[in-house]
Amino acid sequence: MSTFLPRTWAEINIDSISHNYHTIKNLLKPEVQMMAVVKADAYGHGVQYIAPELDKLGADWFAVSNLEEAMQLRNLNIVKPILILGYTPPNMAKALSDYNISQTVFDLSYAKALSSYAVENNVTVKIHIKIDTGMGRLGFVYHKLNDTACIDEIYTACTLDNLESEGIFTHFASSDLDGDESGEFTKTQFKLFCTATDELEQKGVSFKLRHCCNSAATLNNPEYQLDMVRPGIILYGMHPSAALKDRADLKPAMCLKSVVSMVKTLSSGDSISYGRTFTVNDNITVATVPVGYADGYPRSLSNKGYVMINGKKANIVGRICMDQMVVDVTDIDNVTASQEILLFGTDDNGTLSVEDFSCLCGTINYETVCIVGKRVSRVFVKNGEKIGYLNYILNTHQ
Ligand SMILES: *Cc1c(COP(=O)(O)O)cnc(C)c1O
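Criteria and thresholds
- Sequence order as written defines residue numbering, which begins from 1 separately in each chain.
- In view of the model being predicted, local features appear only for residues whose pLDDT reaches at least 70, and side-chain atom pairs are presented and counted only at 80 or more, with totals across whole chains, interfaces and linings using the full set of residues.
- Excluding hydrogens and water, the side-chain figures rest on all heavy atoms present in the structure.
- Nearness is defined per residue: one heavy atom within 4 Å of the molecule or strand is enough.
- By the criterion applied in these results, polar contacts are pairs of N or O atoms within 3.5 Å in which, for protein atoms, one can donate a hydrogen and the other can accept it, and in which residues neighboring in sequence qualify only through two side-chain atoms.
- Residues are grouped as follows: Ala, Val, Leu, Ile, Met, Phe, Trp, Tyr, Cys and Pro are nonpolar; Asp, Glu, Lys and Arg are charged; all remaining types, including Gly, are polar.
- Only DSSP runs of H or I reaching four residues or more are called helices, and only runs of E reaching two or more are called strands; each is numbered from the N terminus.
- Throughout this description, buried means an accessible area under 20% of the type-specific maximum (1.4 Å probe, protein chains only), exposed means over 50%, and partly exposed covers the range between.
- A 1.4 Å probe that fits but cannot get out identifies a cavity on a 1 Å grid over protein atoms alone, an open set with protein on both sides within 12 Å along at least five of seven lines counts as a pocket, and a residue lines either if it has an atom within 4 Å of a point.
- Grid points are joined across faces, edges and corners, and a volume is the space filled by probe spheres set on the points.
- The axes used here are C-alpha line fits, helices contributing only the stretch in contact, and every angle between their N-to-C directions lies in the interval 0 to 180 degrees.
- Orientation categories follow fixed angle ranges, with anything under 35 degrees roughly parallel, anything over 145 roughly antiparallel, 65 to 115 roughly perpendicular, and all other angles oblique.
- Whether a crossing is left-handed or right-handed is set by the direction in which the near helix is turned from the far one by less than a right angle, anticlockwise for left-handed and clockwise for right-handed.
- Residues count as neighbours in contact if any of their non-hydrogen atoms are within 4.5 Å of one another.
- For two strands to be treated as a pair, DSSP must find at least two bridges joining them.
- Each reported salt bridge corresponds to a side-chain nitrogen of Lys or Arg within 4 Å of a carboxyl oxygen of Asp or Glu.

Caption draft 1: Examining the site of the ligand more closely. In the vicinity of the ligand, 13 residues are found, and the nearest of them are Lys39, Tyr43, Ser215, Ile233 and Tyr366. One of the side-chain nitrogen or oxygen atoms of tyrosine 43 is found 2.6 Å away from an oxygen atom of the ligand. Within the side chain of serine 215, a nitrogen or oxygen atom sits 2.5 Å from an oxygen atom of the ligand. Residues that form the shell around the ligand fall into these classes: six nonpolar, four polar and three charged.

Here you go:
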């Protein structure tokens, strides 16, 4: 581990990933395929290790957000099918074909552009049709059951030259039950999706793969599984929302850790960090910690968040800087320079859940793990042993 620097790092537990994979697999009917969503560097967990692991475990498909992420998977020798969920410039048709990557097609003009670049380059591009049944983001807009114009457009897209339609999908807006307590909106979306695929079937267009379940729907709606599910957050052991907490036995895979740089005593009247937003009114002992917003640690936790040292809460005092912050350790015994501390996750002494952490800074677990910076090495742990690391700055790994 020559270039692993124990400053601030994310420990990624590979055993948790495999536990979560099997937990999800057990929720699926035997014939249902799993498309592992590994966009955004596997939600910040280090796709370089995570994707090969999920490949070995048996994931059938991989989903990413863009062409570069898809090419990265191919460079990792992943040969299974890959779907780009988002936009790819249509003039990249040849790269999509050369790398054997499937592209989401979300409206007719995009389909036409992709088809013409495919024809020009004499290649065929595999596509999945995306229908917007209520998310309002990407996809052929199908918000009414009798919208034949939309069905006609999808039909036309599927019959264009040099496009091979493999699949069709939609995305739920509130399957995590946020504002959809009874799942009514999700039910409507599912109904629209099934109707659209049936109507296309009647016109003679059939799809090998119909898929609509994200993590929340995978947990909540087994009846919506169709041919494939697309879980992301639950693979990493986090819950899609508080409403779905405890719905499955998941193990959070990421733990963010740091160390103490120095310990010192400050006296009444002293102030801490930029803007002097914290003033000491009695003698306190503080520890400086080498993590800041450039590591993806939210500045909004200034004077608000806390870290765990020896199993106890140490409050952040003063503003969080780019690379450092200060915590109050007055009430914690035996705090010493270079000792390991917990920023979120679980260590031998306690837990600060990524959800509690995210709640304090007004965001969700998804964002917290995705924004962990590239300056933070990922250290991979299996059977309690460190088996590898990923250093994005030096571009080294082991
Ligand atoms: C990100 C994404 C997913 C996975 O979402 P989770 O909530 O993490 O399971 C599934 N489908 C699409 C289209 C996505 O963009």
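Caption draft 2: Just the side chain of glutamate 11, in detail. The topology assignment puts glutamate 11 in strand S1 (residues 8-13). Given a relative accessible area of 14%, glutamate 11 falls into the buried group.

Caption draft 3: Representation of empty space enclosed by the protein in the model. Enumeration according to the criterion identifies one cavity of 30 Å³ or more in this entry. The calculated volume of the largest cavity comes to roughly 30 Å³. If you trace the largest cavity, you find it lined by Gly296, Pro298, Phe344, Phe357, Thr368, Ile371 and Val372. Among the residues making up the lining of the largest cavity, the classes are represented as five nonpolar, two polar and no charged.

Caption draft 4: Local environment of the packing of helix H1 (residues 14-25) against helix H3 (residues 47-57). Here H1 crosses H3 at 40°, and the two axes come no closer than 10 Å. The pairing of H1 with H3 is recorded here as oblique in orientation. Considering only the axes of H1 and H3, their crossing is right-handed. Between H1 and H3, the contacting residues are Ile14, Ile17, Ser18, Tyr21 and His22 on the first element and Ile50, Glu53, Leu54 and Leu57 on the second. In terms of residue class, the contact of H1 with H3 is built from six nonpolar, two polar and one charged.

Caption draft 5: The arrangement of the sheet that holds strand S18 (residues 325-328) in detail. Taking strand neighbours across the sheet as the criterion, the three strands line up as S12-S15-S18 in an open arrangement whose pairing is antiparallel. Either end of the sheet is taken by a strand with one partner, and the two such strands are strand S12 (262-266) and S18. Pairs of neighbouring strands in the sheet enclose a mean axial angle of 35°, with direction left out of account. The pairing of strand S15 (residues 284-289) with S18 spans four bridges and is antiparallel. Note on S18: the bridge partner recorded for threonine 288 is valine 326.

Caption draft 6: View of unusual backbone geometry. Phi is positive for aspartate 246, close to 65°, though the residue is something other than glycine. Inspection of the secondary structure assignment puts aspartate 246 in the loop between strand S10 (228-229) and strand S11 (254-259). Even without being glycine, asparagine 395 reaches a positive phi, approximately 55°.

Caption draft 7: Molecular detail of the environment of tyrosine 142. Position of tyrosine 142 among the secondary structure elements: in the loop between strand S7 (140-141) and helix H7 (148-158). Sequence-wise, tyrosine 142 and glutamine 189 are 47 residues apart; in three dimensions their C-alpha atoms are separated by 9.3 Å. Not counting chain neighbours up to four residues away, the residues in contact with tyrosine 142 comprise Ile131, Asp132, Thr133, Asp147, Cys150, Ile151, Leu192, Thr195, Ala196 and Glu199. There is a polar contact of 2.7 Å between the side chain of tyrosine 142 and the backbone oxygen of leucine 145.

Caption draft 8: A look at the pattern of salt bridges. If you walk through the whole model with that rule in mind, you get 13 salt bridges. With its nearest N and O atoms 3.4 Å apart, the salt bridge here joins glutamate 53 to lysine 382. Residue glutamate 53 is located in helix H3, and its partner lysine 382 is located in strand S21 (residues 377-382); the two are separated by 329 residues in the primary sequence. Accessibility expressed as a relative area gives 11% for glutamate 53, which makes it buried. Note that lysine 94 and aspartate 98 form a salt bridge whose closest N and O atoms lie 2.8 Å from each other. In this pair, lysine 94 and aspartate 98 are both assigned in helix H5 (residues 93-98), four residues apart and thus about one turn of the helix distant. The exposure class assigned to aspartate 98 is partly exposed, which follows from its relative accessible area of 49%. Taken together, the shared-partner salt bridges in this structure form one network comprising Arg7, Asp295, Asp323 and Arg375.

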